[in-house]
Amino acid sequence: MSVFYLCTGFHRSGTSLLAQTLQHNGVNMGGDLMGATYSNPLGHIEDMPVVRLHDKVYKLNGADWRYHDSSPLIKPVWLPNYIQSYMQKRKDESSTEDEILGVKDPRAVHFLKDWQVASDGKVRYIFIFRHWREACFSLLKRHSRQFLNTANPMERSSLHLSFWRQHDLAFKMYKSANKRILDFYTANKDKAILLSQEGFVALAQQADTHAFAKCASKIGLDTHYFNAQTLQADLLTQQLPPYAENGIDQNLVKELDALYERLNNAADIKHCLSINEIQTRISPSAYALPKHLALALGDDKQSLESGGNDAINGASSPIDNIFANAEFDFTELKWAEFSGALLRLPIPRISPKPFYAALTCDLDFSGNDSEVKPVTERTGEDYYSLAKVAHYKGVWLVAYLFQMRAMLCDAFVKGHALWDVGAWTMFADEQPGWLHVNDSELLGNNPFKLQKAHHLHERQIEAVPHYLDIAHLSSEDLFIAETEAGTQGGLDACATFRLSIDETHTWLITNAGQNAPEDNARMYMQIAKQCTNNMEVQEFCYIKALRAAHLIADAGTQRATVQQCLALLAALYVKNNMFNYAKATFNALGAAENEDVCEDTQKPVFKALHFLVQEHHFSLYAECLNTVTGKLNNARKAELQKELAQQKALLRPALGLKHRFALLPCNLSYENILLIGKENPERSIKLDLLNRRLNFLAKDNMQWLMEGTHGLPTNAKYALYQLISKHWQKLWPEEVYQYAFHEAPSVSASLQKNTRVDKNTHVNKNNIEATSVYTLLVFISDLDSFTAFLALLAASNTLTNTVSNAAPSTINNTSTSDSTLQLHCKLMPSASKLKESVEDTLSQFNVSAYMVDTLPPQRVHESVKREILAFSEPSENRPAEPTHNKFVGVTFCERQSSHIQRVKQITNWYCMLGFEFSVSAMLSNTQADMVVPNYHPSELHSIQDKPLFYPHMYSAWFKQTLTKHCSSIQAPGIEIFWRKFLMEIKKQQAIVKMSNQACEGLFENSHSDD
């Protein structure tokens, strides 16, 4: 294999910039690259197979990418083989023999020696590091932004919140990663280069690649590979918050300073940031909190600024280690990976949990799935290897169950039918006829034999914590049967099992199976019935019952018992998502002789199939049903078909019609937005902004932030406040953000630079020469509210810009444009003195088409309604207008005292302005004037969870839902809105005559129509 390049470093240290540079200059960085995110808009350039491999090893250790050497990182034996296979696959897929191959992953810092072993020394390493303050702050900034992607409580985002619960987590991660880099680089300088991110950026900005000549030659690359043409300097951190590292142990700070200095001294490209340079980037003003948050902190803020600590203030202590209670996690390992991982793990550190988890690992009995290891002889050996480790660990029942599965796999590989217990010969060399021998007389390693009780006493274990002296109990002593006559001993259908699960384990392997075969089978199935939450007991008992059934003399009873055991096993496997086992067991059940199937067989079969339907495994359900169709009566088949139809109906998309009032253009989960971004980055950026804005508007942000940070140390809390506040500021125009948080909005500097329009030269609507005039009616009772509304209107890239072709941040409508947006401002009587201030504010926002007048003080509500009717209703007495005038909206700018009320008001405006998506097409194509209702749902989720249904089918629900919210604020335009909206729908129906099928097709295509 030729040279392979591994690019790595601590997160947020420039690894993406370095990988983008290498890729741009011709290095093949992989075929399944992680895409861009909003914290990394140019792409992570991480090949997903390597990311998944590293994450798998982290997860095995009960950790993730936040691992910071708080405990040993155990590597499975198969890790170097997987790395070697990955590199060979990349080589095989290479387009040319001499193509340069590489991969980038920050996680690789914890696996450097594994890459070295796997490649036999053919990997070359490109390390990059960054000053710890900037790297850690960038990481904290990224994860604080994640809170804005949902309106859920912050505590649900436990991964992101962990960086403040363990306030020094990011800093310890930096120390762990870069210490490993420095140690590895020092030992392998001839095969690695070490770059300072600051130095790399400085050279890139100077377009100086000659400085890379010496270090590039060490790893066999030409200098042009380091020509960073993709660098965007504006994406680099320019300002740091003042309190980011408060509360961090000063000894750790000294260690980080020393580590950074050592890295820079050893680096091939150096650029050591001095303390003075760092201090110049700290900007208290850029991260200043709004007054409401500063007041909420109260004395805590003063304590921070005066150097106080959490202990003095009585704040909660930080978490020392988020992985302190982590255990080995095998849940995502394939079968061969699981058995291979156990060989490296120290047995004293292994709890019984992994062995129980291994029981739910599925196998592929077809051998067709390349992703899952087929059943082979090796699989039987794997089960036996697990059995020996489990036996050593003392998890005896599970050990015997692994041996039973090994016997099953061994027989299946040899060509025998599945679950043909008579063909199970593994562990039976000493007794070929073991099937007809009592359990107490079995020899060797046969898992069906009974253990001696004193053997269990010799080894105290975790699964059975103390010696259980229950060997003397008979099957009759295991149950308490409840009857009307009282309580009596004996085995009965309504019996209650009297042993604990530990006692059950012990009794099953020491004393069970000494009755007649038919009694044994019945007893095992009864025990399994009582232990519904313990898969190991149920499977063990069903297999033991299956063996006992083969000893029953009566042929009819034997067939019925075998079928019942197989049905119960199939149901058990389905319940535990072991679908390959379940499918194979259904096949065995279907092949069994079919004579008068009893209720005890039908019931578990029906239960298993019903579970498959409810979990929407429709194809597997159909296959299994076809296999065992003879084992169900017609009534149960009909019930399954009914359930199947209901479940499929739930998956059909609701019939919906997209129109200008639809709240959401698509499902706004963060994951979906990122997927959209792969194909349409521009649309994805809009959706991301829309998603974060709606999440802001959907909750009381003050309460959300206070509850989410409750219990955090004061230093961590204040640092998180600063970051969240900074993210919020970026969501809205400055005036809107100030208004939302009770600060008097001041017109932003960018607007003040614009040339003001003389307030006496505004355009009257009758003098406008535009072909279409879009009129927006605004009732004003508060100047701060009106200023915020104008800022949102000016920043809108939908209604204002499409109608007027104005640039963002202005509403500069001219009288010669094709369309003009005209503001009719109606001052409420209480605001009659604000006319001059309103006109001055309008001129500051470059609004050229407006009218301002005052409503009479008498009967204000009727005056408001009359004004709306005057604009929205055609009148015979109204003089003919030279333009086509459309009344597009009405809103109110009122004084609101609380944060949540101001948020609701902003939502009114935001809904009316059409979010981030254009409404101009709907405006220009609509033949009837339409008034947008002035409403705000008490919960945005009440509309987010459902599409706004096609009104001719669901108008009652639609009208009732919105009217309910509108009535709470007595929106005066609601009656007109509904009359005109339904009138418009009737016109559309008459023209289009849309059927249900057409509606469904329109809904399915709606995600791409915007």
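Predicted model only: the values in this text are computed from it and were never measured.

**Topic: the overall build of the chain**
Thinking step 1. Within the chain, the regular secondary structure consists of 43 helices and eleven strands.
Thinking step 2. Pairs at least 24 residues apart make up 75% of the contacts formed inside the chain by residues separated by at least 6 positions.
Thinking step 3. Accessible area of the chain: about 44100 Å², with a carbon and sulfur share of 48%.

**Looking at the environment of Asn-577**
Thinking step 1. When you line up the elements, Asn-577 lands in the loop between helix H23 (555-575) and helix H24 (579-591).
Thinking step 2. What makes Asn-577 partly exposed here is its relative accessible area of 44%.
Thinking step 3. When the C-alpha positions of Asn-577 and Asp-362 are compared, they lie 7.9 Å apart, and in sequence the two are 215 residues distant.
Thinking step 4. The contact partners of Asn-577, leaving out residues within four places of it in the chain, are Asp-362 and Phe-611.

**Regarding the pattern of salt bridges**
Where charged atoms from two side chains of opposite charge approach closely, those side chains can pair.
Thinking step 1. Tallied over the full model, the rule gives 29 salt bridges.
Thinking step 2. Asp-114 is paired through a salt bridge with Lys-75; the nearest N and O atoms lie 2.7 Å apart. Highlighted residues: Asp-114 in helix H4 (residues 112-119) and Lys-75 in the loop between helix H2 (48-60) and helix H3 (79-93), separated in sequence by 39 residues. No difference in accessibility class separates Asp-114 from Lys-75, as the two residues are buried.
Thinking step 3. A salt bridge links Lys-91 to Glu-97; the shortest N-O distance between them is 3.8 Å.
Thinking step 4. On the basis of relative accessibility, which here comes to 17%, the residue Lys-91 falls in the buried class.

**Notes on the packing of helix H25 (residues 599-614) against helix H26 (residues 618-627)**
Thinking step 1. The interhelical angle for the contact between H25 and H26, taken along N-to-C directions, is 155°, at an axis separation of 8 Å. Taken together, the axes of H25 and H26 lie roughly antiparallel to each other. When the axes of H25 and H26 are compared, the crossing they make is left-handed. Counting all contacts with H25, which are made through Leu-609, Leu-612 and Val-613, the residues of H26 involved are Phe-618, Leu-620, Tyr-621, Cys-624 and Leu-625.
Thinking step 2. Broken down by class, the residue content of the contact of H25 with H26 amounts to eight nonpolar, no polar and no charged.

**Describing the sheet that holds strand S3 (residues 123-129)**
Thinking step 1. Taken in spatial order, the four strands line up as S2-S1-S3-S4 in an open sheet, and their pairing is parallel. With one partner strand each, in any of the chains shown, strand S2 (101-104) and strand S4 (192-196) form the two edges of the open sheet. Pairs of neighbouring strands in the sheet enclose a mean axial angle of 20°, with direction left out of account.
Thinking step 2. Relative to S2, strand S1 (residues 4-8) is paired through four bridges, and the arrangement is parallel. Along S2, the bridge assignment pairs Cys-7 with Lys-104.
Thinking step 3. Across the sheet, H4 lies against S1, S2 and S3, angled at about 160° from S3, the strand it touches most.

**A word on the confidence of the model for the chain**
Thinking step 1. For the chain, mean pLDDT is 74; residues scoring 70 or higher make up 69% of the total.
Thinking step 2. The spread of mean pLDDT over the elements of the chain runs between helix H43 (residues 996-1004), the lowest at 33, and helix H7 (residues 169-187), the highest at 97.
Thinking step 3. With pLDDT under 50 throughout, residues 875-883 is counted as low confidence; its partners more than four residues away or in other chains account for nine contacts.
Thinking step 4. Below a pLDDT of 50 lies the segment residues 917-982, which in the model reaches 139 contacts outside its immediate sequence neighbourhood of four places, other chains included.

**Thoughts on unusual backbone geometry**
Thinking step 1. Positive phi outside glycine occurs at Arg-12, with the angle close to 60°.
Thinking step 2. Counting through the fold element by element, Arg-12 comes out in the loop between S1 and helix H1 (15-24).
Thinking step 3. Of note, Asp-69 is a non-glycine position whose phi angle comes to about 60°, a positive value.
Thinking step 4. Among the structural elements, Asp-69 can be located in the loop between H2 and H3.

So, how was this worked out
Residues numbered from 1 in each chain as written. Predicted model: local features only at pLDDT ≥ 70, side-chain atom pairs only at ≥ 80, totals over all residues. Heavy atoms only, no water. Helix = DSSP H or I, 4+ residues; strand = E, 2+ residues; numbered from the N terminus. Contact = heavy atoms within 4.5 Å. Areas by Shrake-Rupley, 256 points an atom, 1.4 Å probe, with all protein chains shown as cover. Buried < 20%, exposed > 50% of the residue type's maximum accessible area, 1.4 Å probe, protein only. Salt bridge = Lys/Arg side-chain N within 4 Å of Asp/Glu carboxyl O. Axes fitted to C-alpha atoms, helices over the stretch in contact; angles between N-to-C directions. Parallel < 35°, antiparallel > 145°, perpendicular 65-115°, else oblique. Left-handed = near helix turned anticlockwise from the far one by under 90°. Nonpolar A, V, L, I, M, F, W, Y, C, P; charged D, E, K, R; others polar. Pairing = 2+ DSSP bridges. pLDDT = per-residue confidence, 0-100.

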